[in-house]
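Observations on the three-dimensional arrangement
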Amino acid sequence: MFGFGSKNIGIDLGTANTLVYVDGKGIVLNEPSVVAKNTQTEEVIAVGEEARDMIGRTPTNIVAIRPMKDGVIADYDTTAAMLKYFMQKALGNGSHPQVMICVPSGVTEVEKRAVIDAAKVAGARDAFVIEEPYAAAIGAGLPVMDPTGSMVVDIGGGTTDVATISLGGIVSSRSIRVAGDKFDEAIINHLRQNFNLLIGERTAEAMKIQIGSASVEKAKDIDGMTVRGRDLLSGLPKTIEISATDIASAIHENVLDIITAIKETLEETSPEIAADVIDHGIVLTGGGALLKHLPDVISDETKVPVFIAQDPLDCVAIGTGESLKNIDVLKKR
């Protein structure tokens, strides 16, 4: 179906989800970054959606893992197997595309090399990396090549990447390991400590999406929700009602960490770029951008207008794919 000269592809290799952008087609795949393996034979049993459904529900000889942690590769072999599966699903067997993969802005050269090597092991003819906030800015339609400053905050699953961009490059940036996963962890810990209730990752994520808020004050206007888990005292299943204020309190520290990263990045920029950011505002991308009241809270703290990008979940993948058009420039670097 696809031979040696197959299409170039862009991959948003996220801690929570992986998106694949095929040149000329757009985003063709969006699946969880999860792999189910047999612990005795090391055989990969399921990848993506199918593997995520197994989390917390597997027998002892099968484990469902997320091979990416905090935006970087935590399990090399499993990441390579996952990449191979996604590339074949997007392009068909036997394809050897050129691949552009995004990485957090704070990664080391060793971590970048690991991503490139994993892509080649998975079947890529050649692989390149692009920094996540830069890809997000391209995907959000910001004028990255112009002599004007833009600011983007990409809140993913493992990392939040903050960057100011001008003239085709990153001027100042911060990458912190506080993002969607840390919100989920905070919710799990809050319920364990305050309600003696043990819940899983998927329940925590559902609560974050449905009733999570960046503002403890504004959370009072959001209805609570019913949650099921295990009572830590009796060991039996238990159902309780949780308020949105509880969830907002649980993630409050994490929201402050993100705001601190934004302020520090702004402090490092030149007065001209700071002025441009005030004029054009800060653009939020990534799944975390959808947290209720987050733009208002960031705007109140920084005194800068804040907007959510048009397709926040897809911005990084679209930008990674768009950057394929300049792949010849990257080859010369």
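Look up a bit, the structure's there.
Residues numbered from 1 in each chain as written. Predicted model: local features only at pLDDT ≥ 70, side-chain atom pairs only at ≥ 80, totals over all residues. Heavy atoms only, no water.

Where a strand is regular, its side chains alternate between the two sheet faces. Of all five residues in strand β1 (residues 9-13), five are buried; the element is thus mostly enclosed. The two faces of β1 match: Ile9, Ile11 and Leu13 on one face and Gly10 and Asp12 on the other face are all buried. Two strands pair when backbone bridges link them, and β1 and strand β9 (residues 98-103) are joined in this way by three bridges, in the parallel orientation. Counterpart to Gly10 in the pairing with β9 is Met100. Relative to strand β2 (residues 17-22), β1 runs antiparallel, the two being bridged by five bridges. Bridge pairing in β2 links Gly10 to Tyr21. Where β1 hands over to β2, the hairpin turn is made up of three residues, counted between the paired strands. (Buried < 20%, exposed > 50% of the residue type's maximum accessible area, 1.4 Å probe, protein only. Helix = DSSP H or I, 4+ residues; strand = E, 2+ residues; numbered from the N terminus. Pairing = 2+ DSSP bridges.)

Moving on: the sheet that holds strand β11 (residues 150-155). Hydrogen bonds along the backbone pair up the strands of a sheet, which may run parallel or antiparallel. Judged by pairing direction, the sheet is mixed, and its five strands sit side by side in the order β13-β12-β11-β17-β18 without closing on themselves. Sheet topology places β13 (169-176) and β18 (306-308) at the edges, where each strand pairs with a single neighbour. The sheet shows a mean angle of 20° between the axes of neighbouring strands, direction not considered. As paired strands, strand β17 (residues 282-285) and β18 are joined by three bridges and run parallel to one another. For Leu284, the partnering residue across the bridge sits in β18 and is Ile308. Along the sheet face, helix α8 (residues 271-280) touches β11, β12 (160-166), β13, β17 and β18 and points at about 110° away from the line of β12. (Axes fitted to C-alpha atoms, helices over the stretch in contact; angles between N-to-C directions. Contact = heavy atoms within 4.5 Å.)

Another point: the pairing of strand β15 (residues 225-231). Of the pairings in the sheet, the one linking strand β14 (residues 197-198) to β15 comprises two bridges and is antiparallel in character. In the sheet register, Leu197 faces β15, and the bridge partner there is Asp231. Here β15 pairs with strand β16 (residues 237-242) via six bridges, running antiparallel. By the bridge assignment, Met225 is partnered in β16 with Ile242.

Among all positions in α8, only Ile273, Asp276 and Val277 are buried. Axial view of α8: buried residues confined to an arc of 100°, hence all on one face. Relative to its buried face, α8 has exposed residues pointing more than 90 degrees away, namely Pro271, Glu272, Ile278 and Asp279. Contacts made by the buried residues of α8 are with β11, β12, β13, α7 (244-267) and β17. Looking one or two residues beyond α8, the residue adopting positive phi is Gly281, at roughly 85°. (Arc of directions from axis to C-beta.)

Before going further, it helps to spend a moment on the environment of Leu236. Relative to the assigned elements, Leu236 resides in the loop between β15 and β16. Taking the C-alpha atoms as reference points, Leu236 and Leu197, separated by 39 residues in sequence, lie 10.0 Å from one another. If we skip the residues at most four places from it in the chain, Leu236 touches Gly229, Arg230 and Asp231.

Take the nonpolar core next. Judged by nonpolar contacts, the single largest core of 45 residues is most densely connected at Leu191, Ile199, Met207, Ile262 and Ile282. A total of ten residues in this core trace back to one element, the largest contributor, which is α7. Filtering out sequence-adjacent residues up to four positions away, Ile262 remains in contact with Met151, Val153, Val162, Ile282, Ile298 and Thr302. If you look at the next biggest cluster of nonpolar residues, it comprises 28 residues, including Val22, Val35, Met68 and Ala122. (Core = buried A, V, L, I, M, F, W, Y, C linked by side-chain atoms within 4.5 Å.)

Counted under the stated rule, the structure contains 17 salt bridges. Across the pair Lys112 and Glu109 runs a salt bridge whose closest N-O atoms are separated by 3.7 Å. Of this pair, Lys112 and Glu109 both sit in helix α3 (residues 109-121), three residues apart, which is roughly one turn of that helix. By relative accessible area, which is 60% here, Glu109 ends up exposed. Of the charged contacts in the structure, one is a salt bridge between Asp184 and Lys208, with a shortest N-O distance of 3.1 Å. (Salt bridge = Lys/Arg side-chain N within 4 Å of Asp/Glu carboxyl O.)

Read these as spatial facts, not as claims about activity.
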